[in-house]
Amino acid sequence: MSTSKKPRRGIRVKPETPAASSNLDQPDAPTSSLSHGTDGTDGTALIGKGKSGPMTPQSSWDRWDREVLESAINPAITAPQEDDILVEAPPDVSQCPCWRCYLDWWRDGENKRAPGVYHHDREKREGDETRADKWVCGPLVVLATTFDQRGESFGRLLRFQDVRGRWHEWNMPMRLLRGTADELRGELLDLGLAISPNARDRLSHYLMHRAPQREVISALSLGWHDDTFVFPDVAIGPAEIRYQSESAAPADYDQRGTLDDWRANVAALASGNTCLTLAISAALAGPLLARVHLESCGLHFHGDSSGGKTTALQAAVSVWGSRDMLRTWRATGNGLEAAAAESTDALLALDEISEADGREIGSIVYALANGRGKSRANRSGGARRIARWRTVVLSSGEKTLEARMLEAGARHHAGQDVRLLNLPVDGHRHGTFDTIHGRDSARAFADEIKSSSARYYGRAGRAFVRFLVEHLGDDFGAMVKELTDRLPTREGQEARAARQFALIATAGELATQAGITGWEKGAATKATVSAYTRWREARGRGNAEATKILEAVRDFIERHGDTRFTRLYGADRPLRGDRAGYTETLGERLTYLFTASGLGEATQGHDRTRVLDALEAAGWLVLKPGKPPQNKGETRRLQRKIEGRVVTLYGVDVPDEGEGNERVNRHLEVVQ
């Protein structure tokens, strides 16, 4: 049995490995004697020229399964192929000073030096000019100059190798080179690039020493850019475009397993389950938003604790990436803005609304739906670029948005419920699930989905984007409209919700057509129609804002009718608190005559015209008798002479709970 000589300190020579890590103990010029090759290599191999030999018992290969170890060091991105800075042999002194990048160990006389970027300079030794080799960092090549579509936000497209031999690509913003460039080096170090601590400034000089002739467009946000869809690591579509980020490892869109694995172990379990099918279809709907000119789509799953809501969100997240993409409501508004921007044209999943500050939920919902962040000033006092996004939001919690907000003392608005639709998901045969596909229990079924979605993820979303790119000529908007028209609606808010459900159904059906889900044709539509029906039943009839106005007026009268209203004429008990109005008997019914301030207090947060529209449409508003004048507002205002002066009042006749159903339902025709 042969024994290998012990390599010099800090030098690792891996048999059959195309690249080795640089020596940080000798940063200026890591070297190794040519006679110090281990068994399995002659120590002189350049790119693609390694020689294999007998393994020694001391070799680490004996302790590790070869396949596992090779999979750990296989490059994730191929090494750069053509660039005049890539060499296998050092330059002549006459060519110095210059930069060179070596992808493998290279020879320098009797020594060999580690791979990486070198600055070759000149120096005089004993009167003769010689080459001085300064090692800067591991293999790193500047592939292209990048800039956005406005000719701004310049950067460098870098490809570099970490200490394990894996290749990474990063569209680095040029602004990271300002000052000492500590932030830049930190990002590169974090991704495993070896950098000489004695050549800190040289790295910046290397990145700036020339502007590559190749030019690539930078994307400052993820998602669609014209007909190309940008991920953090790749762009799918006809344009050559790369995502630019100050982080070399931006938002997670990881992949694991194959699409077949995901289809068989996640999508197949969703079949026959309304909530799971809806969640996965909603996750797939993100890339369709821009194609059908919608800014947002949102569902909030609510129901009993441990009912499977989080399981549905985990299945949805697996469409795009790992479990790390499942966020919680426990975040600041600024944090959720950043999360939404990272989820553009994809999915933003927020679990457990009970963890959110109920006072901020309303503003967060509006911001997520509007797709715009706050306006902020930069250091010079100018305006920063406003963060923008367009995303599908899936949320979960035991309570509805309104219940969580009221619990925190915040005022709830009907518009929030239209932007993030409250959908009850319990009450199925197995809680959240309609079928558990032969498993022993709903808990076991949920655990299997959670386990599978943690093992197989990230493939379906990219496959769906490729399908859309190949079918950009199709009229996806017409598909959504056709489904929208098939859903029953009673007024504007329901029509808006119907379009969101139709979008989700369209995404599910297109993914099925593409062979991504493995579901039967029509399965996504069936689940969506069922969910839409449950949403309508839970919401109740009519316009939600009008309903809230009527409820607020009735509640105010029940609480203050005997204390803050006095009879218009005749003796009455004294007021307790500020006056809200008067009472008057018209015919056989008691009418409440609100002052303007009293009506505003009763319907706080609603526009007065909108309030009067709702009251009139419901038949609650007492109108001025006689021929209606041209000004509609005149018929709504009643004048009464009180203590010698004319007072303008608003008459409200609230029906009894039992006999007033017909009048209450008339608010369906309220003006939008």
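For the structure, see preceding data.
Residues numbered from 1 in each chain as written. Predicted model: local features only at pLDDT ≥ 70, side-chain atom pairs only at ≥ 80, totals over all residues. Heavy atoms only, no water.

1. What to know about the packing of aromatic side chains
Enumeration over the complete set of coordinates arrives at 20 aromatic pairs. Where Phe147 meets Phe154, the ring centres are 5.3 Å apart and the plane angle is 40 degrees; that geometry is what we call tilted. A relative accessible area of 16% means that Phe147 is categorised as buried. Each residue in the set Trp224, Phe229, Phe231, Tyr253 and Trp320 is aromatic and connected to the rest through ring pairs, giving one cluster. Its end group placed over the ring of Trp224, Arg291 keeps NZ or CZ at 4.5 Å from the ring centre. (Phe/Tyr/Trp six-rings, centres within 6.5 Å; stacked < 30°, edge-to-face > 60°. Buried < 20%, exposed > 50% of the residue type's maximum accessible area, 1.4 Å probe, protein only. Lys NZ or Arg CZ within 6 Å of the ring centre and 35° of its normal.)

2. What to know about helix α12 (residues 442-455)
Residue pairs spaced three or four apart in an α-helix point in one direction, given the helix's 3.6 residues per turn. Over its 14 residues, α12 runs 20 Å from end to end, which matches the ideal 20 Å to within 8%, given 1.5 Å per residue. Along α12, the residues that are buried comprise Phe445, Ala446, Ile449, Ser452 and Ser453. Taken around the axis of α12, the buried residues stretch over an arc of 130 degrees, which confines them to a single face. At its buried positions, α12 is contacted by α4 (259-270), α5 (274-284) and α7 (309-317). (Helix = DSSP H or I, 4+ residues; strand = E, 2+ residues; numbered from the N terminus. Expected span 1.5 Å × (residues − 1). Arc of directions from axis to C-beta. Contact = heavy atoms within 4.5 Å.)

3. Points about the sheet that holds strand β6 (residues 116-125)
The four strands lie next to each other as β2-β3-β6-β7, forming an open sheet whose pairing is mixed. The open sheet has two edge strands with one neighbour each: β2 (86-87) and β7 (128-137). In terms of strand pairing, β2 meets strand β3 (residues 98-102) through two bridges, oriented parallel. Bridge pairing in β3 links Leu86 to Cys101. (Pairing = 2+ DSSP bridges.)

4. Some words on the nonpolar core
Nonpolar side chains in soluble globular proteins tend to end up buried together. If you look at the biggest cluster of nonpolar residues, it comprises 82 residues, and the most contacted ones within it are Phe301 and Trp320. By residue number, the principal contributor to this core is helix α15 (residues 492-513), which donates ten residues. Grouped together as the second largest cluster of nonpolar side chains are 34 residues, Ala79, Leu177, Ala181 and Ala248 included. (Core = buried A, V, L, I, M, F, W, Y, C linked by side-chain atoms within 4.5 Å.)

5. What about the pattern of salt bridges?
Should the charged atoms of two oppositely charged side chains come close, the side chains can pair. Enumeration according to the criterion identifies 31 salt bridges in this entry. The residue Asp108 makes a salt bridge to Arg131 at a minimum N-O spacing of 3.3 Å. On the criterion of sequence distance, the pair formed by Asp108 in strand β4 (residues 106-108) and Arg131 in strand β7 is long-range, its members being 23 residues apart. A single network of salt bridges, built from pairs that share partners, joins Asp108, Arg113, Arg131 and Asp133. (Salt bridge = Lys/Arg side-chain N within 4 Å of Asp/Glu carboxyl O.)

6. Topic: the sheet that holds strand β18 (residues 347-351)
Across the sheet, which stays open at both edges, the five strands sit in the order β17-β18-β19-β16-β20 with parallel pairing between neighbours. Strands with a single pairing partner mark the edges of an open sheet, and in this sheet they are β17 (326-328) and β20 (421-424). Looking at each pair of strands side by side, their axes are set apart by 25 degrees on average, direction ignored. Relative to strand β19 (residues 391-397), β18 runs parallel, the two being bridged by four bridges. Residue pairing across strands places Ala349 opposite Leu394, the latter belonging to β19. (Axes fitted to C-alpha atoms, helices over the stretch in contact; angles between N-to-C directions.)

7. Quick look at the side chain of Thr563
Along the chain, Thr563 falls in the loop between α17 (544-560) and β21 (565-567). Those residues in contact with Thr563 that lie beyond four places of it in its chain are Leu575 and Arg576.

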